[in-house]
Amino acid sequence: MKIDLTKIGRYLLHVLLPKTCAHCGEDLHYLAVEPLCPACRGSLEPITGLICRKCGSPLESGGEYCFNCRGHKNARLKAALVRSAFSFNPELRSLIHAFKYRGRTDLAEPLGMELGRAYDRHPELKDYNFVIPVPLFADKERERGFNQSELLAGVLAREKRLFLLKGAVERVRNTPSQTGLSKEARLENVKAAFKAVKPELLRGRRVLIVDDVATTLATAGELARALEDAGAAGTAVLTLARER
Ligand SMILES: [Zn+2]
Ligand SMILES: [Zn+2]
């Protein structure tokens, strides 16, 4: 009988430090890669039904545009369109939390693949073949050790053979967290947060902005504005999660 030392090692590690589901705390199989149990994994909600043609939010009752886009509330949204892989439900929140705040950078791979699946579901994104992750403020990135959107964008670019544009744009203001702010306050908060430092990389290009979670679209919208002001020919946004 061949002895699989890796498996034995993982088993021992599991006995010493049992893996538990990042959402419900249930014990996980010792070979589990993702930090969610099968039930929580099954509760993730891919956005596959009818969506607003512009902002991508799910539509309950048909039509082409959501209330906000019809009423021009999203008029400030510079990007031509926004698409997201999943609704931001509690299970996905736990998964993204493990990725961003508990150092599970290995999750960039499965989560980036999910972005790739969402990209395939939306042929209208095909025209945007340059990818830019939403940049973090330099101090924040140093503190965290990585930019989660950049890791996701890297996997997406590799899988879909898109060009990852590095260093074209920077976050020049350390904006406080958007959590708990009203929509107006969020727009004010991210105003002039980004600067295109290498406009020559942007000129005439159609850029896909990648982010982990889209809430009010204030951040992605402000970045789209900076890219287009620097000469990008068009912008679209793809995010892992969409908050309703
Ligand atoms: Zn669970
Ligand atoms: Zn809309």
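Structure's up top.
As the structure is a prediction and not an experimental result, all values here were calculated from the model.

Q: Got a sec to walk through the pairing of strand 1 (residues 81-87)? Specific residues and values, please.
A: Burial analysis of strand 1 places seven of its seven residues in the buried class, which makes it a mostly covered element. Relative to strand 7 (residues 234-242), strand 1 is paired through six bridges, and the arrangement is parallel. Note that in strand 7 the partner of R83 across the bridge is L238.

Q: So what's going on with the packing of aromatic side chains? Residues and values would help.
A: Tallied over the full model, the rule gives two aromatic pairs. Relative to F146, the ring of F99 lies with its centre 6.2 Å away and its plane at 35 degrees, an arrangement referred to as tilted. In this pair, F99 is assigned in helix 4 (residues 90-101) and F146 in the loop between helix 6 (138-144) and helix 7 (148-160), connecting sequence segments 47 residues apart. By relative accessible area, F99 is classed as buried at 0%. Here R206 stacks its cationic end above the ring of Y128, 4.5 Å away from the centre of that ring.

Q: I'd like a description of the coordination of the zinc ion (ligand 1), backed by residues and values.
A: For the zinc ion (ligand 1), the full set of protein donor atoms is C21 (SG), C24 (SG), C37 (SG) and C40 (SG), and the range of their distances to it is 2.3 to 2.4 Å. Bound by four donor atoms, the zinc ion (ligand 1) shows angles of 101 to 116 degrees at the metal and therefore tetrahedral coordination geometry. Read in sequence order, the donor residues for the zinc ion (ligand 1) give the motif C-x2-C-x12-C-x2-C.

Q: Before we move on, can you summarise the environment of L238 with the specific residues and values?
A: The topology assignment puts L238 in strand 7. Not counting the four nearest positions on each side in its chain, L238 is found in contact with R83, S84, L115, A118, Y119, L125, L156, L208, I209, V210 and D211.

Q: Tell me about the sheet that holds strand 3 (residues 163-164), residues and numbers included.
A: In a beta sheet, neighbouring strands pair by backbone hydrogen bonds and run either parallel or antiparallel. Pairing is parallel in the open sheet, where five strands are placed in the order 1-7-6-2-3. Because the sheet does not close on itself, it has two edges, and the strands there are strand 1 and strand 3. In this structure, strand 6 (residues 206-214) lies alongside strand 7, joined through eight bridges in parallel fashion. Looking at strand 7, one finds that V207 is bridged to T235. Each of strand 1, strand 6 and strand 7 touches helix 5 (residues 108-121); the most contacted strand, strand 7, lies at about 125 degrees to it.

The rules behind the values
Residues numbered from 1 in each chain as written. Chains lettered and ligands numbered in written order. Predicted model: local features only at pLDDT ≥ 70, side-chain atom pairs only at ≥ 80, totals over all residues. Heavy atoms only, no water. Buried < 20%, exposed > 50% of the residue type's maximum accessible area, 1.4 Å probe, protein only. Helix = DSSP H or I, 4+ residues; strand = E, 2+ residues; numbered from the N terminus. Pairing = 2+ DSSP bridges. Phe/Tyr/Trp six-rings, centres within 6.5 Å; stacked < 30°, edge-to-face > 60°. Lys NZ or Arg CZ within 6 Å of the ring centre and 35° of its normal. Donors = N, O, S within 2.8 Å, 3.2 Å for Na, K, Ca; no water. Tetrahedral: all angles 85-135°; square planar, octahedral: opposite > 155°, others 65-115°. Contact = heavy atoms within 4.5 Å. Axes fitted to C-alpha atoms, helices over the stretch in contact; angles between N-to-C directions.

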